[in-house]
Amino acid sequence: ASSTSTTDDSDDNEQKILCGIYTYEKRHDSVTAIAETWGWKCDGFFAASTKTIDDPNKPGFGAIHLPHFGAEGYFNMWHKTRSILAYMHDYYLENYH
């Protein structure tokens with residue numbers, strides 16, 4: 001009689017979570033704190049912002065500027081959120097669930 005194993009030790013079925021936040025330039029000081037508080041628990045983390053920060057010595061390092069339709073402001077969050085979801089789809093769909 002042959003036995004068939006139902007356990008899969010490969011990483012092919014492993015669920016990977018991508019976490020993203022949206023922020024703006026004046027709040028870049030919080031990006032590092034958020035990444036260190038709970039962002040590290042995610043398999044991937046990014047901060048969508050009004051400005052890209054490439055310098056590791058500056059607050060908000062790793063923030064990605066994502067343009068969106070309309071003005072920057074509280075009452076236009078849907079367009080910013082839609083841009084973030086489109087960015088996640090375009091760049092991370094194959095790597096995260």
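Residues numbered from 1 in each chain as written. Predicted model: local features only at pLDDT ≥ 70, side-chain atom pairs only at ≥ 80, totals over all residues. Heavy atoms only, no water.

Q: Could you give an account of the packing of aromatic side chains, naming the residues involved and the relevant values?
A: According to the stated counting rule, one finds seven aromatic pairs in the structure shown. For the ring pair Phe 46 and Tyr 87, a centre distance of 5.5 Å and an interplane angle of 50° mean the geometry is tilted. You can see Phe 46 sitting in strand E2 (residues 44-49) and its partner Tyr 87 sitting in helix H2 (residues 77-92), a full 41 residues away along the chain. Relative to Tyr 92, the ring of Phe 46 lies with its centre 5.8 Å away and its plane at 20°, an arrangement referred to as stacked. Of this pair, Phe 46 sits in strand E2 while Tyr 92 is found in helix H2, placing the two residues 46 residues apart along the sequence. Put simply, the rings of Phe 46, Tyr 87, Tyr 91, Tyr 92 and Tyr 96 pair up and form one aromatic cluster. (Phe/Tyr/Trp six-rings, centres within 6.5 Å; stacked < 30°, edge-to-face > 60°. Helix = DSSP H or I, 4+ residues; strand = E, 2+ residues; numbered from the N terminus.)

Q: Report on H2, specifying residues and quantitative values.
A: Every α-helical turn comprises 3.6 residues, leaving residues that sit three or four positions apart pointing alike. In this model, H2 (16 residues) spans 21 Å end to end at C-alpha, consistent with the 22 Å of a helix rising 1.5 Å per residue. Every buried residue of H2 is listed here: His 79, Lys 80, Ser 83, Ile 84 and Tyr 87. Viewed end-on, H2 has its buried residues packed into an arc of 140°, placing them on one side of the element. (Expected span 1.5 Å × (residues − 1). Buried < 20%, exposed > 50% of the residue type's maximum accessible area, 1.4 Å probe, protein only. Arc of directions from axis to C-beta.)

Q: Run through the side chain of Lys 80, naming residues and quoting values.
A: Following the sequence through the fold, Lys 80 ends up in helix H2. Classification of Lys 80 as buried rests on a relative accessible area of 6%. A distance of 2.7 Å separates the side chain of Lys 80 from the backbone oxygen of Thr 23, its partner in a polar contact. (Polar contact = N/O pair within 3.5 Å; in protein donor to acceptor, adjacent residues only side chain to side chain.)

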